[in-house]
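Given next are the chains, with one letter for each unit.
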Amino acid sequence: MKWGRSKSNPRRRSDSSLDSKGDSEDGGLDPPPRKKSRTSIEATMQANGCSPQLQHKEKDEPITKGETQIKTEANGELERIFSKTDQDIVRLIGQHLKSIGLQQTADMLMKESGCRLDHPAAAKFRQHIMDGEWSKADNDLNELKPLLEKSSNSLSEMKFLILEQKYLEFLEDGRVLDALHVLREELTPLQHNTSRVHEISSFMMCGAPEELRTVAHWEGKGEVSRAHLMDQLQQFLPPSIMLPPRRLHALLSQAVELQKEKCPYHNTKIEDGIENISLLVDHRCSRKEFPCETIQVLNDHCDEVWYCRFSPDGLKLATGSKDTTVIIWDVDPDTLTCTHRKTLEGHSYGVAFLAWSPDGSHLIACGPEDCPELWLWNMETEELRVKLSHSPDDSLTSCSWHRDGTRFVTGGIRGQFYQCDLSGNVLDSWEGVRVNSLWCRSDGKSVLAADTHHRIRTYNFEDLSDANILLEDQPVVTFCVNDSDRLALLNVATQGVHLWDLEDRVLLRKFQGVTQGHFTIHSCFGGLNQDFIASGSEDHKVYVWHIKRERPIATLSGHTRTVNCVSWNPVYHKMMVSASDDCTVRIWAPADMLKQ
């Protein structure tokens, strides 16, 4: 016998069941739609600080993107469930409103959205901290213990911070015995941060509240110090329980900083934070604010200009030429133009390199490859202090100052490498090192030297040690190091400008565009945070890159022969200068400086 439905009672679809979506298992009419379970939805909302309270829309109101809606059985209204992102945004806005004193507005927002700003236990904990009810706050910690970030020290650290505040407040109130009880009976038994316990025990010797606040670096009893304590305690609570302090402000600050990092022409100081900028538009700097226009051409040299360098204070410019002179120029910080100050003469071989002392009081001038002498000028008296010529076979073509300004190193490709004092006395020497370029590290001991084997090596004059730092495929013609003493900028023969990380000893970037053969070309770091690279080129142009981009953000034309050197003003960051074989020095500044 076959099992099946009775032919006398065939299944039939009635007109009243046409709107149903499926047949029932027993062959009858579909049952009324059952109410959708909300257990999983409520759990999701509660995990993100929201209660399952739902808001209703009118039946014909359009559905907005990102909302989950459920049709109810009773009246057909649509219920709204906020997405996790919407819940987070509501909580962030609520926290910000509360922080600026709009408590009622924040409460209304939380009530209407169905979200809660903090977990009830966390909110109670915060209130007890702000009211200075330390015993109740300690009890609250036991409630919060299951919710703490997974760390064995979290609870102990939180208790320690609370007891430390309690101890300091007792001391400020003159309740020395109560403070001593906290120290002996509560803080010490925790056996946490023993060194800090010993430190704060000495605060009992303070004679007045003012002295206590100074010694403890503490704001004193009250709302300010308790709010600071609460900020520390919140670090141990997950954000689903209690939002980190000023979270919306932190997110907006991060967004602004990221926009600044991505802005190719950002060369303007903006105060830390977001108080002084508009959040209504993205941050973007214009090329018109960047040093891309020639605002002045200096024609005082009568032969190729080989080098240029600003003084550390940015108020002087020194240029060296094949015409055997060094010209010192005064910089006008308002117009970013230069005026002739003094010509330093007598460099019979020409001037191929210049180096200001860290305080700007002295200037060293070196010659080209066949020059055996070095000139040290006192820039306060504008007179020659000493002419160093250790041997007629020397070739002193490069130098660098130690940070203390009392010593410098110099060398050349014939195997000379000396350390000297301001009187020109040779303090130390390194035999057989053929030097193309030099740089003194910030530790006051180590010196980087580019040699004729395509290397940059470090030399320590104290323990007479040396080691390889990096190796290139072609000769390193010149190089310099940024203020952080970590990034090195190399001009490599036939290859161009390379950026190296000295700490990790890795090549970070090869900048594109520049034409570099075997001529001596000097590049530089520049801009407000040394975020830019500038270099001359054999194609008569000046190239400028953002330090994080390989392609140039500006290519500056104007010179008619090889550009030998570029220098960026270290103080007035909208000013740059270039020196060329066309016998001129060009001052580059923003376009609006032309109108002044």
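Residues numbered from 1 in each chain as written. Predicted model: local features only at pLDDT ≥ 70, side-chain atom pairs only at ≥ 80, totals over all residues. Heavy atoms only, no water.

The protein is annotated in an unreviewed UniProt entry as CTLH domain-containing protein of Nezara viridula.

Student: Pulling in residues and values, what's your account of empty space enclosed by the protein?
Tutor: A full pass over the atoms with the stated rule returns 1 cavity of 30 Å³ or more. Of the voids in this model, the largest cavity is the one considered here, and its volume is about 30 Å³. (1 Å grid on protein atoms, 1.4 Å probe; cavity = no way out; pocket = protein on both sides within 12 Å on 5 of 7 lines; lining within 4 Å. Points joined across faces, edges and corners; volume = space filled by probe spheres on them.)

Student: Just give me the short version of the UniProt feature "repeat: WD" (unreviewed entry) in the protein, but keep the residues and values in it.
Tutor: In the numbering used here, UniProt assigns the "repeat: WD" (unreviewed entry) feature to residues 298–339, 344–375, 529–555 and 556–588. In this annotation, residues 344–375 is assigned 0% helix and 38% strand; the end-to-end C-alpha distance for the span is 10 Å. Between the first and last C-alpha atoms of residues 556–588 the distance is 9 Å; the span itself is 0% helix and 48% strand. (UniProt positions renumbered as here; feature names shortened; annotations may be inferred. Helix = DSSP H or I, 4+ residues; strand = E, 2+ residues; numbered from the N terminus.)

Student: Give me the lowdown on the confidence of the model for the protein, citing residues and values where you can.
Tutor: Per-residue pLDDT for the protein averages 84, and the proportion of residues at 70 or more is 85%. Every residue in residues 1–31 scores below 50 in pLDDT, and together they form 18 contacts with partners more than four places removed in sequence or on other chains. Note that residues 52–73 has pLDDT below 50 and, in this model, 52 contacts with residues that lie over four places away or in other chains. (pLDDT = per-residue confidence, 0-100. Contact = heavy atoms within 4.5 Å.)

Student: Account for the pattern of salt bridges, naming residues and giving values.
Tutor: Within the structure shown, the criterion is met by 23 salt bridges. Lys-221 is paired through a salt bridge with Asp-173; the nearest N and O atoms lie 2.8 Å apart. Placement of Lys-221 in the loop between helix 9 (209–216) and helix 10 (223–234) and of Asp-173 in the loop between helix 6 (154–172) and helix 7 (176–190) is noted, with a sequence separation of 48 residues between them. Assessed through its relative accessible area of 41%, Lys-221 is described here as partly exposed. Connected via shared salt-bridge partners are Arg-486, Asp-501, Glu-503 and Asp-504. (Salt bridge = Lys/Arg side-chain N within 4 Å of Asp/Glu carboxyl O. Buried < 20%, exposed > 50% of the residue type's maximum accessible area, 1.4 Å probe, protein only.)

Student: Lay out the nonpolar core in plain terms, naming residues and giving numbers.
Tutor: Judged by nonpolar contacts, the single largest core of 47 residues is most densely connected at Leu-317, Val-326 and Leu-363. Counting residues per element, this core draws most heavily on strand 7 (residues 326–332), which supplies 5 residues. Filtering out sequence-adjacent residues up to four positions away, Val-326 remains in contact with Ala-318, Thr-319, Lys-342, Thr-343, Leu-344, His-347, Val-351, Leu-354, Leu-363 and Ala-365. (Core = buried A, V, L, I, M, F, W, Y, C linked by side-chain atoms within 4.5 Å.)

Student: So what's going on with the sheet that holds strand 27 (residues 542–546)? Residues and values would help.
Tutor: Strand order in this open sheet of 4 strands is 25-26-27-28, and the pairing throughout is antiparallel. Each edge of the open sheet carries a strand with a single partner, namely strand 25 (523–526) and strand 28 (554–556). Pairs of neighbouring strands in the sheet enclose a mean axial angle of 20°, with direction left out of account. Inspection of the sheet shows strand 25 paired to strand 26 (residues 532–535) by 4 bridges, in the antiparallel sense. Across the sheet, the residue bridging to Ser-523 is Ser-535, located in strand 26. (Pairing = 2+ DSSP bridges. Axes fitted to C-alpha atoms, helices over the stretch in contact; angles between N-to-C directions.)

Student: Give a description of the packing of aromatic side chains that names residues and reports values.
Tutor: Counted under the stated rule, the structure contains 12 aromatic pairs. Arranged with centres 5.9 Å apart and planes meeting at 70°, the rings of Phe-290 and Trp-568 form a pair that is edge-to-face. Residue Phe-290 is found in the loop between helix 11 (247–262) and strand 4 (293–298), and its partner Trp-568 is found in strand 29 (residues 563–568); the two are separated by 278 residues along the sequence. Each member of the pair, Phe-290 together with Trp-568, is buried. Relative to Phe-461, the ring of Trp-430 lies with its centre 5.6 Å away and its plane at 85°, an arrangement referred to as edge-to-face. In this pair, Trp-430 sits in the loop between strand 16 (426–429) and strand 17 (435–440) while Phe-461 sits in the loop between strand 19 (455–460) and strand 20 (465–471), placing the two residues 31 residues apart along the sequence. Just as Trp-430 is buried, Phe-461 falls in that class too. Three or more aromatic residues joined by ring pairs make a cluster, and in this case those are Phe-417, Trp-430, Tyr-459 and Phe-461. (Phe/Tyr/Trp six-rings, centres within 6.5 Å; stacked < 30°, edge-to-face > 60°.)

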